[in-house]
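# Understanding the architecture of this molecule
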Amino acid sequence: MKEGYNFQQIEEKWQSIWEKQEAFRSREDSQKAKFYCLEMYPYPSGHIHMGQTRNYAIGDVISRYKIMKGFNVLHPIGWDAFGMPAENAAIEQGVHPEKWTLGNISHMKGQLKRLGFSYDWSREVNTCLPEYYKWNQWIFLKMFDQGLAYRGKSWVNWCPQCRTVLANEQVIGEQCWRCDSVVKQKEMEQWFLKITDYAEQLLSGHESMEKWPENILVMQKNWIGKSTGGHVVFPIAGTSQSIEVFTTRVDTIYGATFVALSPEHPLSQELIADSAQKETAQEWIERNVSEQRLRKDPGEVEKEGIDTGKKAINPYTGEEVPIWIANYVLMEYGTGAIMAVPAHDQRDFEFARKYSLSIKVVIVPEGESPTEELGEAFEGYGVVVNSGTFSGKPSKEAMEEMIQYAEEKGFGRKDVLYRLRDWGISRQRYWGAPIPVIYCQKCGITGVPFENLPVLLPYEVEFKGEEGSPLEKVESFTKTTCPKCKGEARRETDTMDTFFDSSWYFFRYCSPQEDEMPFNPESADFWMPVDLYIGGIEHAILHLIYARFFCKFLRDFGLVKNDEPFPRLLSQGMVTKDGAKMSKSKGNVVDPDDMVEKYGADTLRLFTLFTSPPEKEFAWNEKGIEGCFRFLNRLWSYFQENLDLFESKSTLEEGTELDDERIRGLRRKIHQTIKKVSDDIEQRYHLNTAVSSIMEFFNHAKGESKKLRESEEGKNILKEALEKLILLLSPFAPHICEELWERMGNENLVIRALWPSFDPKFAEEEKVTIVVQVNGKLRGRFEVERDMPEGQIRDLALGLSRIQNLLKEKEVIKVIYIKNKLVNIVL
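Residues numbered from 1 in each chain as written. Predicted model: local features only at pLDDT ≥ 70, side-chain atom pairs only at ≥ 80, totals over all residues. Heavy atoms only, no water.

All right, on to the pattern of salt bridges then. Applying the stated criterion across every chain yields a total of 48 salt bridges. With its nearest N and O atoms 2.8 Å apart, the salt bridge here joins lysine 66 to glutamate 682. Of this pair, lysine 66 sits in helix α2 (residues 50–68) while glutamate 682 sits in helix α20 (residues 661–684), placing them 616 residues apart in sequence. Judged by its relative accessible area of 26%, glutamate 682 falls in the partly exposed class. Arginine 429 is the partner of glutamate 87 in a salt bridge, and the nearest nitrogen-oxygen pair spans 3.1 Å. On the criterion of sequence distance, the pair formed by glutamate 87 in helix α3 (residues 84–93) and arginine 429 in the loop between β20 (426–427) and β21 (437–440) is long-range, its members being 342 residues apart. In this structure glutamate 87 comes out as buried when scored by relative accessible area, which is 1%. (Salt bridge = Lys/Arg side-chain N within 4 Å of Asp/Glu carboxyl O. Helix = DSSP H or I, 4+ residues; strand = E, 2+ residues; numbered from the N terminus. Buried < 20%, exposed > 50% of the residue type's maximum accessible area, 1.4 Å probe, protein only.)

Below you can see the structure in the form of structure tokens.
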């Protein structure tokens, strides 16, 4: 009686065997080439969702493939375990964040194991445990010692729902990235990391990152926002004061018809102090300051402004121009003041039109004359006009000469600015790594001595959901002794942004038991950089910039040698259902646990990989997963019917000449499929087409089985095909493949077998199609044996009836032959 496919029993069996045999344990073996494959680690929300399942399945296939190719593979997993949801659960449900988090981790760990992912669990990292966040604190103190971590007062993004500060990168469309609450502005003392010191390195590093998606590189470039230009000083008429502007287009300065200040500029209030409309102007400024602090893009606002009544002097022309305060000028860019050139900047153009300010053309396209009627600003480069001695010069040449002139006269200088701002890491919450700082009235700010790390989170804390950190109310935590004078002192109660934790976790995986340093430098040197990093595009300007910054700092500190942590990035597409991203709020979530229970882990893995390429959106379809389930059932049934083939030790010797077309055809299919699947995994990560090729291979072998089993040669080639089929399928559906591999008589695990190789001569079709052209125009096609001599192919081409008809009228000048592709006859 044929045995049915009991996926639950099979999957439990092999998961147990893998664990007992430590099948995926990584060791530093210099005899093998290393491969470090990493998916972005999950936040322990309590449940693995379908997007994560797909993400981890992608990494698992590539890791298993590399193991079978003989690589020394590191494929770890851990938990991004600090964060606001745990604290919110404490407020709403009365459960301690630590208990909530560790309980969720336990459940999710079981889910991951149930899916059969090839993780080295001995390297598991948990960022909420003291043995991890101790090293957060160590890294912070090293940055503090070098002036890269500092405390400063600034306006910050405040989420009223989460009751904490957000970094600029965590505000999306004026809303909190976690809870979607509208973000407010609040002035606070904060701890910052000077990521701006690395702005140029973060930008120039892109040159070595050709294996990153272009759209993510563009997003990072825009966020870093490098601007090369110059500072120019405009004196304020009748005073000793001046306004400094930064411009990237000094070639247009003769067309500056007004100067515009940000509402936040220090001079804005001062310049309206004696205005008859002072109160109205002040109200306008205060309103726009509040709005501007949330608005990141000046182009998204209706242009508004107020005239201060004061004048600035253009240092190049000596002309006086009005000083306005404008809502589209942001304090955080440049100096918070601009020289406005309406003819050559669209925002200035719109503002000037609205308030009837003058517009002066000073750049024209090459070969054209200035025009007074403009429908819009001309923002391109061209030839400088109406610009004194600089007129007639190309824009780029004039820019160099004009900034040099400013430097010589002492009213300007060349400079480079960046949009990137320092990273505010202070969070007014409990569930995070304590910032290791002590405040002493006598000694000031002092770092906690290294020997006193970690600064532990106290367990006994009340969670009431009030503003401020719960740590502020824990006297046993806040009261401490100054390490310098031994007097009374106070601990910092802010905790670290959780992106601090994730900025170096990939180094910790290299030596997770290291207790003298964050990680062992020799181990990091062995494993780093991460050869393939897999994660979502939503981290383009958050985690992926911070992690690159940390890598460069740790390099400068001497702990690592590599400049970049992730030379290759695979950004997977989101999972959708019914045309929308899966989410609880939309009610379209499919639970992976339900699918594993109904269809098995192998089926779910196969389906998430089969439907679309990893980088594309994956649309959930119930019929699709049923199709993958049927395929595995057909595979199982077919092998039960043909396991007798493996009772024989007879094999097809390599290089055997085969007369039977079916046997030759299956041998060809074996080698073609090995080549296709290998290329799809290795070169393109097109796992969907790899699965499709495997399915096609199975169907071919199954269709030829009856005839092939009629001869010994046929049985041998069929047996070879089935062996190769299981090897190729095993990274995608490892449980069923381990079971069938064992039943085929193999003693070792399939994961320890070698990935099959292909013979190029068998990977090509025996016959090829030759295209025939006459004077470059298509005239016919015909098939020939791949190894047919060139002369015979030329003769066949000339013998085609259509060609013979043409030859009655014209003579052949030459025949051009491109091997196995084309015959071009020139008449």
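Quick look at the pairing of strand β31 (residues 767–774) now. In the case of a regular strand, side chains alternate between the two sheet surfaces. Burial along β31 is one-sided: Val768, Ile770, Val772 and Val774 are buried, while Lys767, Thr769, Val771 and Gln773, pointing the other way, are not. The turn joining β31 and strand β32 (residues 777–785), which pair antiparallel and follow one another in sequence, is formed by two residues; a positive phi near 50 degrees is taken by asparagine 775. Sheet topology note: the β31/strand β34 (residues 822–826) ladder contains four bridges and is parallel. Counted as the bridge partner of valine 772 is valine 823 from β34. (Pairing = 2+ DSSP bridges.)

Right, let's talk about the sheet that holds strand β11 (residues 242–247) for a bit. In spatial order, the strands read β11-β10-β18; together these three strands make up an open sheet with antiparallel pairing. The open sheet is flanked by β11 and β18 (412–418), the only strands paired with a single partner. Recorded for the sheet is a direction-independent mean angle of 30 degrees between the axes of neighbouring strands. The strands that helix α11 (residues 395–409) touches are β10 (226–235) and β18; relative to β18, the one it contacts most, it runs at about 115 degrees. (Axes fitted to C-alpha atoms, helices over the stretch in contact; angles between N-to-C directions. Contact = heavy atoms within 4.5 Å.)

All right, on to the packing of aromatic side chains then. Applying the stated criterion across every chain, the model contains 57 aromatic pairs. Here the aromatic rings of phenylalanine 140 and phenylalanine 144 are separated by 6.5 Å at their centres, their planes lie at 5 degrees, and the arrangement is stacked. With phenylalanine 140 and phenylalanine 144 both in helix α5 (residues 130–145), this residue pair falls four residues apart, about one helical turn. Between phenylalanine 499 and tyrosine 546 the ring centres are 5.8 Å apart and the planes differ by 65 degrees, which places this aromatic pair in the edge-to-face class. With a gap of 47 residues between them, phenylalanine 499 in helix α13 (residues 498–501) and tyrosine 546 in helix α16 (residues 543–557) connect regions that are remote in the sequence. An aromatic cluster is built from Tyr41, Tyr505, Phe506, Phe507, Tyr509, Phe519, Tyr533 and Phe566, whose rings are joined through pairwise contacts. Residue placement shows lysine 186 over the ring face of tryptophan 158; its charged tip is 3.9 Å from the ring centre. (Phe/Tyr/Trp six-rings, centres within 6.5 Å; stacked < 30°, edge-to-face > 60°. Lys NZ or Arg CZ within 6 Å of the ring centre and 35° of its normal.)

What follows concerns helix α7 (residues 214–224). Among all positions in α7, only Ile216, Leu217, Gln220, Trp223 and Ile224 are buried. The arc that holds the buried residues of α7, viewed along the axis, is 125 degrees, so those residues lie on one side. With respect to the buried face of α7, the exposed residues turned more than 90 degrees away are Glu214 and Asn222. Residues of α7 that are buried sit in contact with α6 (199–204), β10, β18, α16 and β27 (569–571). In the segment just after α7, glycine 225 is the residue with positive phi, at about 60 degrees. (Arc of directions from axis to C-beta.)

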